[in-house]
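Structural overview
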Amino acid sequence: MDIFDNKKGGFTIMSGKTDVHGGFGQGVLDLNAVSSVIIDGDEAYIDMGALHAKSSVEKGIKWTTNKEEVPNGKPYWLIWVTVDRNENGPYYAGATACYMEIDREARRGYKILADHVNRMDYSMKRRIMLDELGEKEKAALKKLLIDNNAAMFENSSEELKRKLS
């Protein structure tokens, strides 16, 4: 069930599946509870394409792990947001930030893919890792989370609220 029914998309809510078969595919990650948010300057928006490195800002970019190869890169943040349910209802359970720089004109970008994968895993493990964000980015993320569902934000941990204030 998707509790956000709007044109821009919403945070994915768990499928309600509680059992995992023990056959083929055992141990495969279930990304049903993970959503991806792109922060571009002071704007944050959900872009589910980032789950496969195909967000609107990532498409057509040749990636490097050398920042110097992207001298005119514009900074972007990819935030992995994991949702869960508790006795009070759905809440934002994990949130981790990943940095990247993109030069759209040159079609080049800098990111460390291993860091992006590890941060997605940390979000799925209900960690909050947002210290690297600046005040502008924190405000944009907080606004997005509240605008999408204020009750989910209220149900979230004090750690998340503190890191975004």
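Structure: above.
The structure reproduced in this document is the subject of the present report. Please read these numbers as outputs of a predicted model, since none were measured by experiment.

**Focus: the pairing of strand β2 (residues 43–46)**
- Bridge analysis of strand β1 (residues 34–40) against β2 gives four bridges, and the strand direction is antiparallel. Within the sheet, the bridge partner assigned to D40 lies in β2 and is E43.
- Connecting β1 to the antiparallel partner β2 that follows it, the hairpin turn spans two residues, and G41 within it adopts a positive phi of roughly 70°.

**Some points on the nonpolar core**
- Residues V37, I79, Y92, L130, L141, L145 and L160 are the most contacted members of the largest nonpolar core, which totals 22 residues.
- Those elements that place two or more of their residues in this core are β1, β2, β4 (74–86), β5 (89–103), α2 (135–148) and α3 (150–155).
- Setting aside residues up to four positions removed in sequence, I79 forms contacts with S35, S36, V37, I39, T96, A97, L130, L133 and L141.
- Membership of the second largest hydrophobic core comes to 15 residues, among which are Y45, I61, C98 and I102.

**A closer look at α2**
- Helix length check: α2, at 14 residues, gives a terminal C-alpha distance of 20 Å against a target of 20 Å (1.5 Å per residue), a fit within 8%.
- Among all positions in α2, only E137, K138, A140, L141, L144, L145 and N148 are buried. Here the buried residues of α2 occupy an arc of 165° about the axis, which is enough to place them on one side. In α2, the exposed residues that point more than 90 degrees away from the buried face are E135, K143 and D147.
- Residues of α2 that are buried sit in contact with β1, β2, β4, β5, α3 and α4 (158–163).

**Let's talk about the side chain of T82**
- Locating T82 in the fold gives a position in strand β4.
- At 2.7 Å, the side chain of T82 and the side chain of S123 are in polar contact.
- Those residues in contact with T82 that lie beyond four places of it in its chain are A33, V34, Y91, Y92, A93, G94, S123, M124 and R126.

**Looking at the pairing of β5**
- The buried count for β5 comes to 14 of 15 residues, which makes it a mostly enclosed element.
- As paired elements, β4 and β5 share 13 bridges and run antiparallel to each other. In the strand pairing of β5, I79 is matched with A97.
- Between the end of β4 and the start of β5, which pair antiparallel, lie two residues.
- Relative to strand β6 (residues 108–110), β5 runs antiparallel, the two being bridged by three bridges. Across the sheet, residue I102 finds its bridge partner in β6, namely G109.
- Two successive antiparallel strands, β5 and β6, enclose a turn made up of four residues, where R107 displays a positive phi of approximately 60°.

**Section: the packing of aromatic side chains**
- Applying the stated criterion across every chain yields a total of one aromatic pair.
- Seen from their ring centres, W77 and Y99 are 5.1 Å apart, and the 65° between their planes marks the pair as edge-to-face. On the criterion of sequence distance, the pair formed by W77 in strand β4 and Y99 in strand β5 is long-range, its members being 22 residues apart.
- For W77, a relative accessible area of 10% puts it in the buried group.
- Overall, the relative accessible area of 25% leaves Y99 in the partly exposed class.

Cut-off values and rules
- Residues numbered from 1 in each chain as written.
- Predicted model: local features only at pLDDT ≥ 70, side-chain atom pairs only at ≥ 80, totals over all residues.
- Heavy atoms only, no water.
- Pairing = 2+ DSSP bridges.
- Helix = DSSP H or I, 4+ residues; strand = E, 2+ residues; numbered from the N terminus.
- Core = buried A, V, L, I, M, F, W, Y, C linked by side-chain atoms within 4.5 Å.
- Buried < 20%, exposed > 50% of the residue type's maximum accessible area, 1.4 Å probe, protein only.
- Contact = heavy atoms within 4.5 Å.
- Expected span 1.5 Å × (residues − 1).
- Arc of directions from axis to C-beta.
- Polar contact = N/O pair within 3.5 Å; in protein donor to acceptor, adjacent residues only side chain to side chain.
- Phe/Tyr/Trp six-rings, centres within 6.5 Å; stacked < 30°, edge-to-face > 60°.

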